[in-house]
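Structural features, examined
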Amino acid sequence: MPLGSAASTLQLRIPDMDCPSEEAMIRRALDGMAVGSLRFDLGGRTLTLQADDSAHAAIVQAIEAAGLKTERVAQGGLLLRVPDMDCPSEEAMIRRALDGMAVGSLRFDLSARTVTVQAAESAWDGIEQAIQAAGLKTERLSQAIPAADTQQRQQREMVKLGAALVLALGAELIHFFAPETLTWEIASMAVAALAIALSGFAVYRKGLASLLRGQLNITALMTVAVTGAFLIGQWAEAAMVMALYAMAELIEVRAVDRARNAIKSLLELAPSVAEVRQPDGSWLSQPAAAIRVGAIVRVKPGERLALDGRVQAGHSAIDQAPVTGESVPVEKGPGDEVFAGTINQHGALEFEVTAPATDTVLARIIHAVEEAQGSRAPTQRFVDRFAAVYTPAVFIIAILVAILGPWLGGWSWLTGLYKALVLLVIACPCALVISTPVTVVSGLAAAARRGILIKGGAYLEEARKITQMALDKTGTITEGKPRLVAQESLRADIPADQIWQLAAAMAARSDHPVSKAIVQGLAVSTSLPEVEAFAAEAGRGTLGSIAGQALVLGNRRWIEERGQLTPALAERLAVHERQGRSISLLADAQGVLGLFAVADAIKPSSQQAIRELRALGITPVMLTGDNPATAQAIAAEAGISEVQAGLLPQQKLEAIQAMAAQPQQAIGMVGDGINDAPALAAAQVGFAMGQAGTHTATEAADVVIMNDDLRRVPETIRLSRRAHGVLWQNISLALGIKAVFLLLAVFGNASMWMAVFADVGAALLVVFNGLRMLRWRPSV
């Protein structure tokens, strides 16, 4: 039903909505109500929809009548500024603090030091208390911090840290070159203390708070190391360590935000204003956010579309690369869908708006990627667990070195303490902790730019394990709509063009999909003759009269009943039937005039996609509800040898479960329809066709292919394998560099500033290595 002018966004948290069955219940409950698009987030257990303000209460009642409790989520969620949240470690602390609480997605902006929590308003106070209990102060904000303010603050921090580095270097120069007098020692200590104050005040505050709570995190280690170095007279090294650490933190934050914000650049693709037709027929520029569903918008050649819609007038080619990843512009005309952020190549278009600015395909892509960034991949969870054990373990080793070193190694107590402090600096797990999120987020952003919407880091990692790929036929391997694939003239005494004209005239009077395919396929340029006494025979075809000539356009059974199926014609029909084609025959009283074969043609990309899957070592399997003859014909054309046909949705699910039960098998599934949803949800990684696919299929899937190009599936596999390789490169780099300097610290002559250089260097190496994923391009 259409929405009124008072339509707005309603977001609900539904605690019991954790699988597609509850989603189906909600869709049934809201069937027939005046609601816009439904956007489900099963992970966060939230539902976002468009509806008139007056209908919000009825929508809530309908969902609760279906047996599901609801909680309203305030638009935008709870926005908190966390002043001390300036590196990924504090982000991890907040995630742990909120673990198990009734919250949806978490969206972090380390540059602005803010976190947005999607949760019911009744839970906001508890969320703030949980974060504060973790030792982090919070400030509730009513609106986002302007980007300009964040940039100015970062510039001030960079200047301050630059000054701290200069002072730390000055302290080092005094230590090396100045005479060893009390005056110069005091000067060196004062310069070092000033450098520490400029760069490390926030680190000290967080470190002391962590130590008081018994937490051995990064800031606690740095606080102990720098304080210890200062107390044993290594003032210059203490200053250099703190300044370098603070500078590295700032660089890490900017790198993480760069990866996270890569997809947000798409927001700039959709113009903020659009030309809307007024009641008097004039055109007026209006903010895109204020344009309602049903409005008529005009877009000129060379302009970007501000909203999603359906073309009403005009013809043009649209560059859809920003949304679907298609490299070739797509021709658009009346009735075709267009998307916000795409580029109109030539010719003006007028289109009816089909979704508000907050719910365009582009906006949903950005929202989904943001949600995906909030979910941690398996490798990231492993690294977090490892770091939680690794940091205290190195702290204990440092204590043992300080105590046992002088006794076993013959060191002085100051030497033992110094080596222990160097170990603490080396122990900082910055590089290790940051090694995974930058890579995962960069991979998600790279996929989105290719029109591949991956719903979380877990699926980015899991895709590489797939050994068998189940594929639906209709709409996945094939185009999903019948098309005229062959036509034959069977009467030598009548020109073929005349036969085509007669068949097109008969087919044009029917709304059957096969008849429509015949009309479109024949594309007769001249005007069609009038059909008189037209009638449809159920299960047979149509009949009528053209210029006094009685004609039928029917199936094989009707022609056989009329006694017009000759052995030669039966042989011709058998050739087409073996290929799974539907046959229509045009006949008059004397015999059959023409043969028309209609089939759901295979997509041009399907054969290449199947070859690429096989090249990756993945076995393709077709699962379809179609008849065996058609299924086998399409499978042979696509290059698939394993086929299961005539399957109901439950049988598709059972087929996936049976395949998964085989030893050492990981199953992927590609589909587009409601009947594919159970199998998509059961597969280890489900791929949905996002353009032709149903909402149920795209919600149940883990990966959505925005342009329905099957080649994007093997692309996803290759991206997954590449991301996995980069992840373990980063982990190996982080641990390898630390292991080398750990040995140097204990058995060699590593200094504190060398240790911090190693830590900073490792962090920057893994960051820049992970950011390479942003530039990933498929190579076959």
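Everything in this summary refers to the structure shown in the same document. (Residues numbered from 1 in each chain as written. Predicted model: local features only at pLDDT ≥ 70, side-chain atom pairs only at ≥ 80, totals over all residues. Heavy atoms only, no water.)

On to the side chain of Ser510. Examined against the element boundaries, Ser510 turns out to sit in the loop between α17 (496–508) and α18 (513–522). Residue classification places Ser510 among the buried positions, given a relative accessible area of 18%. At 3.4 Å, the side chain of Ser510 and the side chain of Ser515 are in polar contact. With sequence-adjacent residues up to four places away left out, Ser510 is seen in contact with Ser515, Lys516, Phe534 and Thr542. (Helix = DSSP H or I, 4+ residues; strand = E, 2+ residues; numbered from the N terminus. Buried < 20%, exposed > 50% of the residue type's maximum accessible area, 1.4 Å probe, protein only. Polar contact = N/O pair within 3.5 Å; in protein donor to acceptor, adjacent residues only side chain to side chain. Contact = heavy atoms within 4.5 Å.)

What the seven strands build is an open sheet, ordered β18-β30-β29-β28-β19-β26-β27; its pairing is mixed. Edge positions in the sheet fall to β18 (452–454) and β27 (642–644), since each has one partner strand and no second. With direction set aside, neighbouring strand axes in the sheet form an average angle of 20°. Both strand β29 (residues 685–689) and strand β30 (residues 703–705) contribute to a ladder of three bridges, which runs parallel. By the bridge assignment, Ala688 is partnered in β30 with Val704. (Pairing = 2+ DSSP bridges. Axes fitted to C-alpha atoms, helices over the stretch in contact; angles between N-to-C directions.)

Looking now at the pattern of salt bridges. Two side chains with opposite charge may pair up if their charged atoms get near one another. As enumerated under the stated definition, the model contains 17 salt bridges in all. Here Glu275 makes a salt bridge to Lys300, at a shortest N to O gap of 4.0 Å. Of this pair, Glu275 sits in strand β9 (residues 273–277) while Lys300 sits in the loop between β11 (296–299) and β12 (309–313); the two residues are 25 residues apart in sequence, bridging distant segments of the chain. Its relative accessible area of 18% is what places Glu275 among the buried residues. (Salt bridge = Lys/Arg side-chain N within 4 Å of Asp/Glu carboxyl O.)

Relative to the elements of secondary structure, Thr150 occurs in helix α5 (residues 147–177). For the pair formed by Thr150 and Ala112, sequence separation is 38 residues and the distance between their alpha carbons is 5.4 Å. Every residue in contact with Thr150, bar those within four places of it in the chain, is listed here: Ser111, Ala112 and Ile145.

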